[in-house]
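Each chain, written out:
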Amino acid sequence: MKQADLLYTGKAKSVYRTDDPEVYIMKFRDDITAFDGGKKDTLAGKGRYNAEVSTFIFRYLGEHGIRTHYIESIEPGVIAVQNLTMIPLEVIVRNVAAGSIVRNYPFREGAPLDPPVIVIDYKSDAHHDPMLNDELIYALGIATPEELDQIKAMALAINELLSKYLDLRGITLVDFKMEFGRSNGRIILGDEISMDSMRLWDKETGASLDKDVYRFEKGDVMETYAGVAKRILSAPWGEVK
Ligand code: 5GP
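Computed from a predicted structure; not experimentally measured.

A. Spatial organisation of the site of the ligand. Arg 94, Ser 100, Asp 175, Arg 199 and Arg 215 are the nearest of the 15 residues found near the ligand. Side-chain polar atom of Ser 100 to an oxygen atom of the ligand: 2.5 Å apart, as the coordinates give it. Separating an oxygen atom of the ligand from a side-chain N or O atom of Arg 215 is a distance of 3.1 Å. The protein chains hide 81% of the 500 Å² of surface that the ligand would expose on its own.

B. Representation of the pairing of strand β9 (residues 89–96) within the structure. Most of β9 sits out of view: eight of its eight residues are buried. Alignment of β9 against strand β11 (residues 171–178), held across four bridges, turns out to be antiparallel. Counted as the bridge partner of Arg 94 is Asp 175 from β11.

C. Local environment of the pairing of strand β6 (residues 70–75). Here β6 runs beside strand β7 (residues 78–82); their pairing, made up of four bridges, is antiparallel. The residue of β7 that forms the bridge with Tyr 70 is Val 81. Two successive antiparallel strands, β6 and β7, enclose a turn made up of two residues, where Gly 77 displays a positive phi of approximately 85°.

Conventions used here
- Residues numbered from 1 in each chain as written.
- Predicted model: local features only at pLDDT ≥ 70, side-chain atom pairs only at ≥ 80, totals over all residues.
- Heavy atoms only, no water.
- Near = heavy atom within 4 Å.
- Polar contact = N/O pair within 3.5 Å; in protein donor to acceptor, adjacent residues only side chain to side chain.
- Areas by Shrake-Rupley, 256 points an atom, 1.4 Å probe, with all protein chains shown as cover.
- Buried < 20%, exposed > 50% of the residue type's maximum accessible area, 1.4 Å probe, protein only.
- Helix = DSSP H or I, 4+ residues; strand = E, 2+ residues; numbered from the N terminus.
- Pairing = 2+ DSSP bridges.

Here it is, written out as structure tokens:
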């Protein structure tokens, strides 16, 4: 497979076409941003860690029956993925109250959310990712009721699998963001699942193990990313049933 022209460049990844129209190449860059792009930096090696963790999680989910866009790893920080028509939704599952839900609603930081809460934002830089509800999603023509039901069911199944896995590694999955796409009428998990898109707390100490370290200057970002990548990747396959 040969890399062709640049299709899309986001805040932290670039996507290239290949000579196969069904396959794209996704490059995880070392750029890191927060607060709607208001804070920006480049941290050498960050892309590689996020790619490694995303790859591991996609493979783990795939082994457990979740359809993902992951095809194969090409080199550090670079993976081949299936060409999806992306659905402009940020699907967030929350197990513990933190971040914007605490700022915007009367939740106490750290309060468990059981059952988990799904929050869906409109992925649009121009509109600053506003929260949607089901009716707005249908009215905007973003997804059908059947598709949205499927997306929510997949999001909860992914949350259960990931929470269980990370718990065994001593990590609480506080919340995380997913993006989905369509291919041949099927809903497939796309984008990435990494330290940039999950909120992770150490089960013992409560320490942040994710992009909050960068957002709120809680410590050395690269040390945190390297450490959490090692913890996530250290488990043998098949440990979680
Ligand atoms: P919050 O709404 O609390 O800011 O974010 C909830 C969760 O979704 C966090 O784990 C956060 O990292 C993730 N998230 C929300 N919006 C985005 C986004 O635009 N990009 C990425 N990578 N993650 C996001």
